[in-house]
Amino acid sequence: GWRLLIDNPAFIPLAAATGGFNLHLISVKDIEVYARAISSIDLDIFITLFEDMLRYDGRPTLSRVNVPTLLIAGEKDGITPLPYQQEMHQAIKGSE
């Protein structure tokens, strides 16, 4: 199964390079710990959770945020592109 991938010496460096991780901010060892934890989840359950995560839209909750909020944004953010970051800023009253 997919758990066997974790033991393949090429898997972690490949996952690190292609998995959306910022290798300037996270070590390959941390990615290995994450991958081992994820691999303990049944593949069907993991796929369901991942698909649910991709479908989730948290925008309706942003207007309910009522605490001081600092958004740290970047033009080259590959996870949350700048237009989405700007949308969050506009939706969270008083955010910086």
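Structure: above.
Note that the structure is predicted; figures quoted are calculated from it, not measured.

J.: Pulling in residues and values, what's your account of the packing of aromatic side chains?
T.: Counted under the stated rule, the structure contains 1 aromatic pair. Ring geometry for F46 against F50: centres 5.9 Å apart, planes inclined by 25°, an arrangement best described as stacked. Of this pair, F46 and F50 both sit in helix α3 (residues 43–55), 4 residues apart, which is roughly one turn of the helix. Residue classification places F50 among the partly exposed residues on the basis of a relative accessible area of 39%.

J.: Describe the packing of helix α1 (residues 11–18) against helix α2 (residues 28–39), and please don't skip the residues or the numbers.
T.: It is at 9 Å that the axes of α1 and α2 come closest, and there the two elements cross at 100°. The orientation of α1 relative to α2 falls into the category roughly perpendicular. Listed contacts from α2 to F11, I12 and A16 of α1 are V28, I31, E32 and A35. Its residues assigned to classes, the contact of α1 with α2 comprises 6 nonpolar, no polar and 1 charged.

What counts, and at which threshold
Residues numbered from 1 in each chain as written. Predicted model: local features only at pLDDT ≥ 70, side-chain atom pairs only at ≥ 80, totals over all residues. Heavy atoms only, no water. Phe/Tyr/Trp six-rings, centres within 6.5 Å; stacked < 30°, edge-to-face > 60°. Helix = DSSP H or I, 4+ residues; strand = E, 2+ residues; numbered from the N terminus. Buried < 20%, exposed > 50% of the residue type's maximum accessible area, 1.4 Å probe, protein only. Axes fitted to C-alpha atoms, helices over the stretch in contact; angles between N-to-C directions. Parallel < 35°, antiparallel > 145°, perpendicular 65-115°, else oblique. Contact = heavy atoms within 4.5 Å. Nonpolar A, V, L, I, M, F, W, Y, C, P; charged D, E, K, R; others polar.

Any functional reading would require information beyond the geometric quantities listed.
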